[in-house]
Amino acid sequence: MATPSAGPDTPDVYDIVILGGGSGGYSCALRASQLGLSVALIEQEKLGGTCLHRGCIPTKALLHSAEVADSTRDSAAFGVRATLEGIDLPAVHTYKDGVVARLYKGLQGLIKAAKVTYVQGRGRLVAPDAVQVADRRLIGQHVVLATGSRSRTLPGLTLGGRIVTSDEALRLPEVPKRVIVLGGGVIGVEFASIFASFGSSVTIVEALPRLVPSEDEAISAALLRAFRKRKITARTGVRCASAAQSGDEVVVTLESGDPLAADLLLVAVGRGPVTDDVGYAEVGVRMDGGFVLADDRCRTSVPGVYAVGDIVPGPQLAHRGFAQGILVAEHIAGLDPTPLSEAGIPRVTYCDPEIASVGLTESAAREKYGDVSTYEYNLGGNGKSQILRTTGFVKLVRVGGTGERGPVVGVHMIGARVGEQAGEAQLIVNWEALPVEVAQLIHAHPTQNEALGEAHLALAGKPLHAHH
């Protein structure tokens, strides 16, 4: 046990003190408790953090409501007569908040059952082994920093009124008629999809040349085509110069001088780390641009201090935070866990159509390996996708040229519900499977999962429902 730091009060002493009760923090607490360690978990807002209360869960609930709206609107195509009378946004919020509340209650029960000491309040790192919460000092042999992220904005762009972030977009009282989404990344395209399904006229403004720029270029192109069919306008390669509110509208002026008017401007330009005024730099934790720098075992520059989740550079994904939290707990307990492979973490964007990917894009694979082969299996040949009336494809990226036996290093999918296929995709990439090995596996018919099998059959040189 660490020697207690000096403090005004008798300190609480634990094996691990965790600052932040979001995905990375609470997963670390639960795993550490399972391993017999004493744990204190500090959270200034609600247990579960951004993901549960302002991110993953509420946004996906909205996206499901949006899917129901689209299914009702398009029901005649399936021989079902139904009429969409409108979107009752307060009722949508009731549904969404109910999902969050049930998960929140369950998580509280897990933390209580694990006998984790839960401390509500704003914490500050005051020594390598100490976190101060009001007049209470908690001492840990190890300290884990997990303070998460918050919505970013742009310089000169004042939030408020008709200019909102995703936080406020989750609580709108009514559906706006016209929406400008500033940012075409994951958050931007998900909300653009929601608003379009709810009946809004949507325009996305993205400074980079394409939507979802971290995805494979083929995925970006397919999403752009799908959004055009849904009448979602995407202005890529353009920047916002200013935004001004006047009465019942907000006007965005692009750097080209073109004005865009709307009832709502959603600022979705990414998320930044919550590391201001929490004592990290003062204690000597090495940082870069507000992010905490950590090695592949989440160790910071200060011995005994770890960092997990969105404050660590890399993909800002809740499941990455879960995995990092578990890794840290096991490392502290002496289990020597395998470090995470960042490229092997599955990524899902829940717009319509959905996007799911694991591993390297084609361009990244060519940069790393030189010669690669790719194959796109069109969902037009997949029975379940035809039943669902969705379009899209599964794209594989394999090391080596035609006829060579290299592993699959990237799987990229777009189409309705493809996020549910990310599980097998990550096994393929992380186990460095050869196309011929995956082709030997039997995929149930008729499922969308078959599309993964068919893509590997084709790349192995024996296509079934596809042209060679």
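Residues numbered from 1 in each chain as written. Predicted model: local features only at pLDDT ≥ 70, side-chain atom pairs only at ≥ 80, totals over all residues. Heavy atoms only, no water.

Focus on the packing of helix 1 (residues 23–34) against helix 9 (residues 318–332)
For clarity, the cut-off: Working convention: axes come from line fits to C-alpha atoms, limited for helices to the stretch in contact. Angles between N-to-C directions cover 0 to 180 degrees. Each helix corresponds to a stretch of at least 4 residues labelled H or I by DSSP, and each strand to a stretch of at least 2 residues labelled E; elements are numbered beginning at the N terminus. In this scheme, a crossing is called left-handed if the near helix is turned counterclockwise away from the far one by less than a right angle; it is called right-handed if the turn is clockwise. Should any heavy atoms of two residues lie within 4.5 Å, those residues are counted as being in contact. Residue polarity is assigned by list, with Asp, Glu, Lys and Arg as charged and Ala, Val, Leu, Ile, Met, Phe, Trp, Tyr, Cys and Pro as nonpolar; anything else, Gly included, falls into the polar class.
Where helix 1 contacts helix 9, the two axes come as close as 7 Å, and the packing angle between them is 35°. Relative to helix 9, helix 1 is oriented so that their crossing is right-handed. In this structure, helix 1 uses Ser-23, Gly-24, Tyr-26, Ser-27, Cys-28, Arg-31 and Ala-32 to contact helix 9, whose residues at the interface are Ala-318, Gly-321, Phe-322, Gly-325, Ile-326, Val-328, Ala-329 and Glu-330. Tallied by class, the residues present in the contact of helix 1 with helix 9 amount to eight nonpolar, five polar and two charged.

Side note on the packing of helix 3 (residues 56–73) against helix 6 (residues 186–197)
In contact at an axis separation of 9 Å, helix 3 and helix 6 are set at 40° when each is read in the N-to-C sense. Here helix 3 runs over helix 6; the crossing is left-handed. Along the contact surface, helix 3 presents Thr-59, Lys-60, Leu-62, Leu-63, Ala-66, Ala-69, Asp-70 and Arg-73, while helix 6 presents Glu-190, Phe-191, Ser-193, Ile-194 and Ser-197. Among the residues forming the contact of helix 3 with helix 6, the class breakdown is six nonpolar, three polar and four charged.

A closer look at the packing of aromatic side chains
The relation between two aromatic rings is expressed through the spacing of the ring centres and the mutual angle of the planes. The following threshold applies: Note on aromatic contacts: the rings of Phe and Tyr and the six-membered ring of Trp form a pair at centre separations within 6.5 Å, being stacked when their planes are under 30 degrees apart, edge-to-face when over 60 apart, and tilted otherwise. Two limits define a charge over a ring: the Lys NZ or Arg CZ must be within 6 Å of the ring centre, and within 35 degrees of the ring normal.
Under the defined criterion, the tally for this structure stands at two aromatic pairs. Sitting over the ring of Phe-78, Arg-389 keeps its end group 5.9 Å from the ring centre.

Some details on unusual backbone geometry
Residue Pro-353 is bonded to the preceding Asp-352 through a cis peptide linkage, with omega at 5°. Within the secondary structure, Pro-353 is located in the loop between strand 20 (347–349) and strand 21 (354–359). Following His-445, the chain continues into Pro-446 via a peptide bond in cis, with omega recorded as -5°. Within the secondary structure layout, Pro-446 lies in the loop between helix 13 (435–439) and helix 14 (449–459). The residue Lys-231 is not glycine, and still its phi comes out positive at about 65°. One can find Lys-231 in the loop between helix 7 (217–229) and strand 11 (233–236).

Focus on the confidence of the model for the protein
Note the threshold: You can read pLDDT as the predictor saying how much it trusts each residue, on a scale of 0 to 100.
For the protein, mean pLDDT is 95; residues scoring 70 or higher make up 97% of the total. Contacts of residues 1–8 to residues separated by more than four positions or lying in other chains number 19 contacts, the stretch itself having pLDDT below 50.

With respect to helix 7
Note the following rule: The span expected for a helix works out to 1.5 Å for each residue beyond the first. For the exposure calls, accessible area comes from a 1.4 Å probe over protein chains only, and a residue counts as buried if that area is under 20% of its type's maximum, exposed if over 50%, partly exposed in between. Pairs of N or O atoms within 3.5 Å make up the polar contacts considered here, provided that, within protein, one atom can donate a hydrogen while the other can accept it, and that residues adjacent in sequence are counted only when both atoms are side-chain atoms.
The end-to-end C-alpha separation of helix 7 is 19 Å, in line with the 18 Å expected for 13 residues at 1.5 Å each. What helix 7 keeps buried is the set Ala-218, Ile-219, Ser-220, Ala-222, Leu-223 and Phe-227. Two or three places before Ala-218, at the opening of helix 7, Asp-216 has a side-chain oxygen 3.0 Å from that residue's backbone nitrogen. At the exit of helix 7 stands Lys-231, carrying a positive phi of roughly 65°.

Details of the nonpolar core
Quick reminder of the rule: Definition of nonpolar core: a set of buried residues of the types Ala, Val, Leu, Ile, Met, Phe, Trp, Tyr and Cys, connected through side-chain atoms within 4.5 Å.
If you look at the biggest cluster of nonpolar residues, it comprises 35 residues, and the most contacted ones within it are Val-181, Phe-191, Phe-195, Ile-204, Leu-223 and Phe-227. Of all the elements in the fold, those that place two or more residues in this core are helix 3, helix 4 (89–113), strand 9 (178–182), helix 6, strand 10 (201–206), helix 7 and strand 15 (264–267). In terms of residues, this core owes the most to one element, helix 6, which gives six residues. When neighbours within four sequence positions are excluded, Phe-195 is seen to be in contact with Leu-172, Pro-176, Val-179, Ser-200, Val-202, Leu-264 and Leu-266. Counting 27 residues, the second-largest nonpolar core is a separate cluster that includes Leu-30, Val-39, Leu-41 and Val-144.

A short note on the pairing of strand 9
So the rule is basically this: Think of it this way: DSSP has to see at least two bridges between two strands before they count as a pair. We call a crossover right-handed when, viewed with both strands directed away from the observer, the connection leading from the first strand over the helix to the second proceeds clockwise.
Counting buried residues along strand 9, four of its five residues qualify, which places the element largely inside the surrounding structure. Bridge count between strand 9 and strand 10: five bridges; the pairing is parallel. Among the inter-strand pairings, Ile-180 is bridged to a residue of strand 10, identified as Thr-203. A crossover links strand 9 with its parallel partner strand 10, the connecting element being helix 6, and its sense is right-handed. Relative to strand 15, strand 9 runs parallel, the two being bridged by four bridges. In the sheet register, Ile-180 faces strand 15, and the bridge partner there is Leu-265.

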